[in-house]
Structure formats: structure tokens, C-alpha cells
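Now for the letters of each chain:
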Amino acid sequence: MAEVRWAAAATALFAIGGLFQLAGAPAVVWWVLYLACYVAGGWEPALAGLRALRDKSLDVDLLMIVAALIAATIGQVFDGALLIVIFATSGALEAFVTRRTADSVRALLDLAPEQASRLLDDGTEEVVDAADLVVGEVILVRPGERVGADGEVLDGISEVDQASITGEPLPVLKVIGDEVFAGTLNGTGALRVRVDRAAQDSVVARIVAMVEDASATKAKTQLFIERVEQRYSVAVVVATLALFFIPLGLGAELRPTLLRAMTFMIVASPCAVVLATMPPLLSAIANAGRHGLLVKSAVVMERFRDITIVAFDKTGTLTEGTPRVADVIPLPTAGFDADTLLRFVAAAERPSEHPLARAVVAAAHERGLDLPHAGDFASAPGRGVTATIEGRVVRVGSPALLTDPTVRAVAQSHEHAREAVARMEASGRTAVVVLLDDAPVGVLGLTDRVRPDARATVAALTALTGATPVLLTGDNPGAATRVAQEIGITNVSASLLPEDKVAQVRALQAAGHTVLLVGDGVNDAPAMAAADLGVAMGRHGSDLALETSDAVIVRDELAILPKIIDQSWRAHRVVKANLAFAATVIAALVTWDVFWILPLPLGVAGHEGSTVVVGLNGLRLLRAAAWRRAGAAPFPRVSTTPDTEPRQQPTARI
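Computed from a predicted model, the values in this text were never measured in an experiment.

Can you lay out the packing of helix H15 (residues 454-465) against helix H20 (residues 560-595) for me, pointing to particular residues and giving the numbers?
For the pair H15 and H20, interaxial distance at closest approach is 8 Å and the crossing angle is 25°. Considered as vectors, H15 and H20 are oriented roughly parallel to each other. The handedness of the crossing between H15 and H20 comes out as left-handed. Contacts between H15 and H20 involve Thr-457, Ala-460, Leu-461 and Leu-464 from the former and Leu-561, Pro-562, Ile-565 and Asp-566 from the latter.

Any details on helix H12 (residues 338-349)? Residues and values, ideally.
End to end, H12 covers 16 Å across twelve residues, agreeing with the expected 16 Å (1.5 Å per residue, within 8%). For H12, the complete set of buried residues consists of Leu-341, Leu-342, Phe-344, Val-345, Ala-346, Ala-347, Ala-348 and Glu-349.

Any chance you could break down the sheet that holds strand E16 (residues 430-436) for me, citing the residues and the numbers?
As summarised here, the arrangement of the six strands in space is E12-E17-E16-E15-E14-E13, forming an open sheet in which the pairing is antiparallel. Bordering the open sheet on either side are strand E12 (319-330) and strand E13 (374-380), each of which pairs with just one other strand. The average undirected angle you get between the axes of adjacent strands in this sheet is 20°. Pairing of E16 with strand E17 (residues 439-450) involves seven bridges; the strand directions are antiparallel. Bridged to Val-434 within E17 is Gly-442. This element, helix H16 (residues 477-487), spans E12 and E17 of the sheet and lies at about 55° to E17.

Provide a residue-level description of the pairing of strand E4 (residues 151-156), including the pertinent values.
As a general feature of sheets, a regular strand has side chains that alternate between the two faces. As defined by bridge partners, E4 adjoins strand E7 (residues 179-180) across two bridges and the pair is classed as antiparallel. Bridge assignment links Gly-151 to a residue of E7, and that residue is Val-180. In this sheet, strand E9 (residues 191-195) lies alongside E4 in antiparallel orientation, the contact comprising five bridges. For Gly-156, the partnering residue across the bridge sits in E9 and is Leu-191.

Explain the nonpolar core residue by residue, including any values.
Counting 64 residues, the largest nonpolar core has Val-295, Phe-304, Phe-312, Leu-318, Leu-516, Leu-561 and Ile-564 as the members making the most contacts within it. In terms of residue count, the dominant contributor to this core is H20 (14 residues). Among the nonpolar cores identified, the runner-up in size contains 31 residues, and Leu-341, Ala-363, Ala-364 and Leu-371 belong to it.

Please give an account of the packing of aromatic side chains that cites residues and values.
All chains considered together, the criterion is met by seven aromatic pairs. Between Phe-14 and Phe-78, the aromatic rings sit 5.3 Å apart at their centres with planes inclined by 35°, giving tilted as the arrangement. Of the two residues, Phe-14 is situated in helix H1 (residues 2-22) and Phe-78 in helix H4 (residues 77-108); the sequence distance between them amounts to 64 residues. A ring pair is formed by Trp-30 and Tyr-34, whose centres lie 6.1 Å apart and whose planes are at 70°; its orientation type is edge-to-face. Of this pair, Trp-30 and Tyr-34 both sit in helix H2 (residues 27-54), separated by four residues, roughly a single helical turn. On the basis of relative accessible area, Trp-30 is assigned to the buried category, the value being 15%. Accessibility expressed as a relative area gives 0% for Tyr-34, which makes it buried. One aromatic cluster is present, built from ring pairs that chain together Phe-14, Trp-30, Tyr-34 and Phe-78. Its guanidinium or amino end placed over the ring of Trp-569, Arg-305 lies 5.9 Å from that ring's centre, counting from NZ or CZ.

Break down helix H8 (residues 254-268) for me, citing the residues and quoting the values.
Helix length check: H8 (15 residues) gives 21 Å between terminal C-alpha atoms against 21 Å at 1.5 Å per residue, within 8%. All of the buried residues along H8 are Thr-257, Ala-261, Met-262, Thr-263, Phe-264, Met-265, Ile-266, Val-267 and Ala-268.

Describe the side chain of Ser-568, with residues and values.
Topologically, Ser-568 is positioned in helix H20. At a separation of 3.1 Å, a polar atom in the side chain of Ser-568 contacts the main-chain amide nitrogen of Arg-305. Beyond its immediate sequence surroundings of up to four residues, Ser-568 is in contact with Met-301, Glu-302, Phe-304 and Arg-305.

Just give me the short version of a positive patch on the surface, but keep the residues and values in it.
On the surface, Arg-573, Arg-620, Arg-623, Arg-628 and Arg-629 cluster together to form a positively charged patch. Here Arg-620 lies in the loop between helix H21 (600-618) and helix H22 (624-629). Here Arg-620 falls in the partly exposed class, since its relative accessible area comes to 35%.

Explain the packing of H8 against H20 to me, using residue names and the numbers behind them.
Where H8 meets H20, the closest approach of the two axes is 9 Å, and the angle between their N-to-C directions is 170°. Considered as vectors, H8 and H20 are oriented roughly antiparallel to each other. Of the residues in H20, those in contact with Arg-260, Thr-263, Phe-264, Val-267 and Ala-268 of H8 are Ile-586, Leu-589, Val-590, Asp-593, Val-594 and Phe-595. Residues that form the contact of H8 with H20 fall into these classes: eight nonpolar, one polar and two charged.

With reference to specific residues and values, describe the pattern of salt bridges.
One pass over the full model with this rule turns up 20 salt bridges. For Glu-126, the salt bridge goes to Arg-118, with nearest N and O atoms at 2.6 Å. Residue class for Glu-126 comes out partly exposed when judged on its relative accessible area of 31%. Linking Glu-125 and Arg-142 is a salt bridge whose minimum nitrogen-to-oxygen distance equals 2.9 Å. Of the two residues, Glu-125 sits in strand E2 (residues 125-129) while Arg-142 sits in the loop between strand E3 (138-141) and E4, which places them 17 residues apart along the sequence. Connected via shared salt-bridge partners are Arg-303, Arg-305, Asp-306 and Asp-532.

Account for the pairing of E17, with residues named and values stated.
Burial of E17 is extensive: eleven of the twelve residues sit out of reach of the surface. In this sheet, E17 lies alongside E12 in antiparallel orientation, the contact comprising eight bridges. Residue pairing for E17: Val-328 is matched across the bridge by Leu-444. Where E16 hands over to E17, the hairpin turn is made up of two residues, of which Asp-437 adopts a positive phi near 55°.

Procedures and definitions
Residues numbered from 1 in each chain as written. Predicted model: local features only at pLDDT ≥ 70, side-chain atom pairs only at ≥ 80, totals over all residues. Heavy atoms only, no water. Axes fitted to C-alpha atoms, helices over the stretch in contact; angles between N-to-C directions. Helix = DSSP H or I, 4+ residues; strand = E, 2+ residues; numbered from the N terminus. Parallel < 35°, antiparallel > 145°, perpendicular 65-115°, else oblique. Left-handed = near helix turned anticlockwise from the far one by under 90°. Contact = heavy atoms within 4.5 Å. Expected span 1.5 Å × (residues − 1). Buried < 20%, exposed > 50% of the residue type's maximum accessible area, 1.4 Å probe, protein only. Pairing = 2+ DSSP bridges. Core = buried A, V, L, I, M, F, W, Y, C linked by side-chain atoms within 4.5 Å. Phe/Tyr/Trp six-rings, centres within 6.5 Å; stacked < 30°, edge-to-face > 60°. Lys NZ or Arg CZ within 6 Å of the ring centre and 35° of its normal. Polar contact = N/O pair within 3.5 Å; in protein donor to acceptor, adjacent residues only side chain to side chain. Patch = residues over 30% accessible without salt bridge, like charges linked within 9 Å, V, L, I, M, F, W, Y side chains within 5 Å. Areas by Shrake-Rupley, 256 points an atom, 1.4 Å probe, with all protein chains shown as cover. Salt bridge = Lys/Arg side-chain N within 4 Å of Asp/Glu carboxyl O. Lys, Arg positive; Asp, Glu negative; His and termini not counted. Charge placed at Lys NZ, Arg CZ, Asp CG, Glu CD. Nonpolar A, V, L, I, M, F, W, Y, C, P; charged D, E, K, R; others polar.

Have a look at this one:
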């Protein structure tokens, strides 16, 4: 990007010029380098400032350029070059984030297949563009293909991975009459699907539209200094002109009057004010990056402190996104223990590529079980697998196996199996029934593992924001409720499509909350764009979620969230202290210059000294100790929550 290249060039020229100056090189050498820095980093802000001036608006960009030029005219070229570098870097960062957000929306279109197999009335098929499909037409979805359109299953049975749309961690069985979504991945069966929505109306297309709309309508958040720059810039310019023309009108000499006005412009320039704001925020960003959280801008870092409620996705966010075996229950009539049951099941499932099969095999390996060879292996969508293990026929599948007419009618075994299945499903687990020689012998319960730091994170965020986080998931209510109870969340919304998550975020905002949404999937991206801040899980997060988010948790450690909110508060406190100090120094120097005669060297020294002090104070947040203290020590603050008076918020301990 051009902005990044110019900012890098300005920074390099500034650094080289500083080295030559420190090395005692002739002044002309480092002057040329500093002036080249002016050109590389200043031409774009100068152009933007002139355009704003043409539109009858005065911003700090133009003021900074003028201050830098005046600094150079009175010999303080280093001061001006530093100002140019700060502004060029800030502008490049903003341009980079804006462009990445726009590119992320286009990446979503890769989900939907470009072509589909359309079935004709005479039974033949033809490959057509998915965008050309018409409502009412029938398409064939072969094993392993992505579904070409939203529609209803007319024939066939298969398990479809629709995590990209709903976030469900396991493939969902689809039979005649079920709905399927464009872009979801078909399993091992073939499906005939009637097209119910045109390509532009599909769920994937609506996700694209929602991300674009939410990004466009999301209020532009500005740093504190940006919110006051217009008034500050006008005030400084007016005061400088008045300090020059009024004395001249009263008969003062030109040279001392001009020098006095230039001194005023230097001491009133916002160098210290800019450094009061940016170094604390950038230091906090750098410190967070070292500990596994990438914050995309200083605006985002400042915004974290305003969060009043956190909304979580479930699968891949609060949970690890992969199933594991939680229960192995041999029936009383089986005549063997849990390890023997798991050994039979894992041996039968080992040839399968189903996620549940991989979880079962992994559980057997964790227990150190030796798995025998499986013969006559067969897999049927929706029914499970069958294999011959040590001369006995093992069938593993859904609870529907208990209603199969081929299963031997052993009343007591059936009753025990149904009770075990009911208990597991009530607790949100996925139940798997095991038959041995067509008789029920056991039930396995599989679940998605909750992240070990999830409960502590929820408690810490509740203490920090004053509101318990909420759970927004596309998964089924049973699984969502189980996870919520395990980690301490009481507000749960399940079975949500992407537009439903956006609606939930809008409802929280309408209630007066500033919402932080944490997710990892494509289905979370619209809600991230709609939320005040979005944080993506970095390890397994989708490209769209990573690009749409404002920050990324690189190592998927949820415990970093309370720390970054607390760090944002600490950065804000440093910013306020810096602004107070910088404003005091500026006010003192300006008063001296207006009512008396401030010597230029003393004015520059005072101005530069305040700039150095606020800069060093902001850099304190780079220390490792600053990160350790964040979220780990009492840090009182006052925040306003919806429908309540301002109240004291305790800091969470992790």
C-alpha cells in the first residue's frame, strides 16, 4: 500500500538523519535527510489538510505540517521530522486496516461453489453456474461436494457439515424434507435438492450483505485527540494570527513580532498532545501482541475500555471445536467393562473419517488400548458403521439403531440403553449406541471440550463490565445450555443463523450496551461487524472472521480478554495524565509568550521537554510488569451501565 510505503520511507529517513546528527556529521547532511522525511511523510497529510481547508474545515493534519515547517525555519528540523513520522505512521495504520476489512468480505464468496449439477426432466444432468439456478430446479449433490444452493432435500440421506453457517461442531444428518444451505459440505451420501432460494438470496449471500452493511453503518470511532482537533486547530491558528497582526497594528516591529508569533506556534503545536495519546495506546498494543493478542489499531485499543457486555460464540470459542468422548457406559447386560466396550467401538470406527470416529479412536489411544483389526467394514449415512471384530459383529450409530427391526428384542437391554441415551441428550451430549451381534451393549457420550480458562474468563469479564457475558450460538439448545452452565453463563440463545446473531447484538446495543463479540467462524463475521468490537480466535478462525474482527487472539487463550480490557483502562489513565501534563506545559509557555517575551530557546526546550516526558510515560506500558498487573490487581474505575447510575467497578483477578 502506498501509505505504508511512504510512512516506512519517512521513518527510515528520520532514523538515518538522527544517526548522522548523533555522529556529528555536517549539518547539511542530516538536514537534507530530515527534509526528505518531510516530503515522504508529509505530502499526503498536507494534501488532505488542503482539501479539508477547501471544504471550509481545518484539521490537525494541516496544523501539524505548518508546525513542522515553522520548526524547520527556526532550526528545529528534528522536532518537525518527528511530528511527520508520527502522523505518517498513524495514517498508514488506518489505511491498512480499512483495506483489509474490505478484502475480507470478498473472501467469503469462496464458500459457495461456482457450479452445480442440475437435473433435467429426462433424468440427465448438466453442469451450470450456481448463480444461474432458478427456484424450483433440482440439483444433485455428490459425496464430498459443497451444496450449490439453499434448498430442500427431495431424495437421499447424508450428513452435512454446516459449521460454516450454524457453527455446529458435528455434521448434521439430512433426510428427505430437511433444509440444506449453499456452501455447506456434503458427507458420504448423495442428495437430490430442490432449489428454494436464488443465489443472491442464499444464506451465504446474506452473510456477505450483512457484513458489508454492518461495516458501512458502524459508527466511526475516533481517538480523543481526533474528536477535539478541529477546535484546537482553529484556536491555535487564530491565536497565532492575532499575536502577529494585532501588535503590528499597534506599531510593533515586524521581526520581533514574527519571532514571537512563530514561538507561540511552536510551543502551542500539538506535538506533546499527539505523543500524550499515541505512545500509551501503541505500547499497550505492542505488549498485548507479545502476549498473544493482535489489536488492529489504537482506536480499537481505546474502545476496549467502553465495553459493557461480552457476547460469545460457543463452538471453537468457548469450546475447542472438536468432539471428545465424555462417557463410556457398558450396559449391565453386556458382561464387560468400559475399556472393553471402547476397544470394540474404536476398532470398528478406525476406518471411518467421521469426526465422532476420530474422537473415539483418540480416546482409545489415550487409554492405551490395543485395537484389533476390523473386517467387513461398512458405513451408512445416518446409521453409523458396521464391522466384524474378533468374530463378532459390531454396529455403532445413532440412537435410531434401537428402533431397527434387525436388533434383537432384549427388553432389559433396550430399556437401559434408552435411559442412558436420555440422560446424555438431556445434558447436551451426543449419544452413540453400540450393538454387539445385534444386541445393545453400551452407550457412548461425546461432547465438545470446554476451554480450561473459559469459566475464569467469564467470571473476570462479569467483574470488569458489570454484566454477565451472553452466549450466542448456532448449535442446539441442549449443547448450548450444558456449556453455559459449566462456565457460568445464564443468558443463552441457541439455534441462531448469522442474521439472528446480528439481531441479538443489535438488541443488546439498543438496551444501551457497548458490545464485544468473540467468535471464530464465518457465521460470526456479520455479528462481529455489527458489534462495537469483534475479537476472533486465531488458531482455527475462518479467514472472514479474522479479517472482520478488530482484534485476534493468536493462541486461543480466552484469559487474555479481561487483561486487554483492563490494559485499555490503564492506557486511558496514562493518556489523561499525559494530556493534563502536556496541556499544563503548553498553557504555561503560551501564557509566558503572550504576556511577556518567551525566549525562543527556552520555549523550544520547554516544548521538547514536555514531549519527551509524555512519550516516556506512555512507553511504561511496554513493560512486562504492566501486562502482569493488568487484570490481576485492584484497579477501581467508574462506568455507566444501562439503566443504572455510574457505579464503582471492581477489577477481576485471574
